[in-house]
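Examining the three-dimensional arrangement
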Amino acid sequence: MVSSRSDAASAAAFKEQMASLQKRSAATLKLGPPAWLTHPHCTEGPLNADELHSFFHDGFLIKHGLFAPAELRPVMNDIEKQVDSLASTLLSAGLIADSAPSLGFYQRMAALEKQFPGASVLLHKTPALPPSFQSLWTDNRLLDIAQQLLGGRDIDVAGHPVWNLRVKVPQTDSSVVPWHQDAAYLDPESAHTLQVTAWIPFINATARNGCLQVIRGAHRTGKTAKHTCCAGGTWYVQMDMDDASSRLGVNCHDEGEWETCEVPLGSVLFLSNLIPHRSLANSSPDIRWSVDLRWQDANQPTGFWGIKDHVLMRRGSREGGKESEEEENFMVRWDEFLAVDRGKAQSKAAANATHVQEDEDGKEGGKEEVSAAVAAGADELKPVIAGPWMLRWEITNHNAHTAELEEVGAEGGEDAVPASWHKA
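This write-up is about the structure you can find in this document. Values in this document were obtained by computation on a predicted structure and should not be read as measured data. (Residues numbered from 1 in each chain as written. Predicted model: local features only at pLDDT ≥ 70, side-chain atom pairs only at ≥ 80, totals over all residues. Heavy atoms only, no water.)

**Things to note about the environment of arginine 314**
Within the element layout of this structure, arginine 314 appears in strand E12 (residues 311-314). Measuring from C-alpha to C-alpha, the distance between arginine 314 and threonine 138 comes to 8.5 Å, with 176 residues separating the pair along the chain. If we ignore the near neighbours within four places in the chain, the residues touching arginine 314 are Asn140, Leu143, Asp144, Gln147, Ile155, Asp156, Val157 and Phe330. At 3.1 Å, the side chain of arginine 314 and the side chain of asparagine 140 are in polar contact. (Helix = DSSP H or I, 4+ residues; strand = E, 2+ residues; numbered from the N terminus. Contact = heavy atoms within 4.5 Å. Polar contact = N/O pair within 3.5 Å; in protein donor to acceptor, adjacent residues only side chain to side chain.)

**Some words on empty space enclosed by the protein**
In the structure shown here, the tally under the stated rule is 2 cavities of 30 Å³ or more. Looking at the second largest cavity, the residues that line it are Thr28, Ala183, Leu186, Asp187, Pro188, Ser190, Ala191, Thr224 and Arg392. Tallied by class, residues from the lining of the second largest cavity come to 4 nonpolar, 3 polar and 2 charged. (1 Å grid on protein atoms, 1.4 Å probe; cavity = no way out; pocket = protein on both sides within 12 Å on 5 of 7 lines; lining within 4 Å. Points joined across faces, edges and corners; volume = space filled by probe spheres on them. Nonpolar A, V, L, I, M, F, W, Y, C, P; charged D, E, K, R; others polar.)

**Observations concerning the environment of aspartate 254**
Checked against the element boundaries, aspartate 254 lands in the loop between helix H9 (241-247) and strand E8 (258-261). At 2.8 Å, the side chain of aspartate 254 and the backbone nitrogen of glycine 256 are in polar contact.

**Brief notes about the nonpolar core**
Of all hydrophobic cores here, the largest spans 60 residues; its most connected members are Met109, Leu136, Leu142, Phe202, Phe270, Trp289 and Trp295. Among the elements that make up this core, the one with the highest residue count is helix H4 (residues 73-92) (7 residues). Counting residues in each nonpolar core, the second largest holds 16 residues, with Cys230, Tyr236, Val237 and Ala386 among its members. (Core = buried A, V, L, I, M, F, W, Y, C linked by side-chain atoms within 4.5 Å. Buried < 20%, exposed > 50% of the residue type's maximum accessible area, 1.4 Å probe, protein only.)

**Here's the deal with unusual backbone geometry**
Here cysteine 229 and cysteine 230 are connected by a cis peptide whose omega angle stands at -10°. For cysteine 230, the location among the structural elements is in the loop between strand E6 (227-229) and strand E7 (237-239). Although it is not a glycine, glutamine 171 adopts a positive phi angle of roughly 55°. Tracing the chain through its elements places glutamine 171 in the loop between strand E3 (164-168) and strand E4 (195-201).

**Focus on helix H3 (residues 49-58)**
Within the span of H3, buried status applies to Glu51, Leu52, Ser54, Phe55, Phe56 and Asp58. The inward-facing, buried residues of H3 contact helix H2 (35-38), strand E1 (60-63), helix H8 (140-150), E4 and strand E9 (268-271). One side-chain oxygen at the N-terminal end of H3 lies 3.1 Å from the backbone nitrogen of aspartate 50; it belongs to asparagine 48. Directly beyond the C-terminal end of H3, a positive phi value near 100° is found at glycine 59.

**Section: the pattern of salt bridges**
Any two side chains of opposite charge can pair if their charged atoms end up close together. Under the counting rule described, the total for this entry stands at 17 salt bridges. Among the salt bridges present, the one from aspartate 187 reaches arginine 24, with a minimum N-O distance of 2.6 Å. A residue pair is termed long-range when its members are at least 10 positions apart, and aspartate 187 in the loop between E3 and E4 and arginine 24 in helix H1 (residues 5-28) qualify at 163 residues. A relative accessible area of 1% places aspartate 187 in the buried class. Note that glutamate 51 is salt-bridged to lysine 63, the shortest N-O span being 2.8 Å. Of this pair, glutamate 51 sits in helix H3 while lysine 63 sits in strand E1, and the two are 12 residues apart along the sequence. Through salt bridges with shared partners, a single network forms among Arg166, Asp182, Asp292 and Arg294. (Salt bridge = Lys/Arg side-chain N within 4 Å of Asp/Glu carboxyl O.)

**Concerning the sheet that holds E7**
In spatial order, the strands read E7-E6-E13; together these 3 strands make up an open sheet with mixed pairing. Of all the strands in the sheet, the pair left with one neighbour each is E7 and strand E13 (394-395). Pairing of E6 with E13, which is carried by 2 bridges, proceeds in the parallel orientation. Paired with threonine 228 across the strands is glutamate 394, a residue of E13. (Pairing = 2+ DSSP bridges.)

**Some thoughts on the sheet that holds E8**
Taken in spatial order, the 3 strands of this open sheet run E8-E5-E10, and their pairing is antiparallel. The sheet terminates laterally at E8 and strand E10 (277-279), the two strands that pair on one side only. Ignoring which end each strand starts from, the neighbouring axes of this sheet average 25° apart. (Axes fitted to C-alpha atoms, helices over the stretch in contact; angles between N-to-C directions.)

Right, dumping it as structure tokens:
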């Protein structure tokens, strides 16, 4: 029950915001093509005309041989350190009996996952961003391509707050991502913002080990199709293929429209935030490691629910194309960016909003049906992920991840204020 005038005000504010969110989300189903799809594309940069056509017309681009495989080794070394740290934590907590220190980069996490199902989820939701990752994200080859796709040298390029380290353990359902558009995870305020994703595998990514598939050209209407939450036993939203087929100008059921994007080690797959894509199951004996990094115009909304801001990575050229002293001395402010733990913040933000909604409605919204699925133990060792995107779409399948949203929301507290998760 609402216990105070402050809580009542929060509940009213949340109800208003939810109505606004639903209205704005519905509007994205009807939007026309954004300006970045219809304006002339920047030809100044490393991409040629065919590559620009591939990205803007087809919705994706594979840039072969962008890195020598050895250049990615520092990142892989740091991933191994994160795996070692996780293994030590699980061993100390008594959740595994063998930390499998003798196994290599492509096998060790599978051994941990076998002993503690969900170990890969823990790594996914709490990744570190060591200097090797920072260097990769700000590598000039990637920034040059991102800046060209975003409009040219006068664009201030920002790293989007959503980046992911992905560990696709063989025969693990949680690593199979269903058809979706990245825009479906974000606040509709960013519906017309171009967000460029670089998907970088640390293995030769093939159909057998779970590379990505895209639906060629299904971004060109500029719309975000209906999605539902959450797919199977995961936290992923899933695109409604019937609705997408009617709104996106492509028969999304037609496998002839699907493109399997095999990406060799050292190559990079670039995607827009509107292109429908998914990842395949890993039926190989090896883990498929990858990272996805994102950039956008720093002066456009990120859509990340007011939880965490972007990080400016490159200032655009001014003064007739000449670099100013400020631009020459520009430094990425990693400390500010890393000060906010994205995983904890997004879970708390959505949970706070849910708490206010439950208080306002005076009910628990089906919590009793899923509470048994919530993993026990400390929050950092719960292999569950929750976030505000769950509130944007209809929840058609309850599981441990939606239960986490409801459980923490029920605990709530005085800080359960809607503005903490969404900027109006």
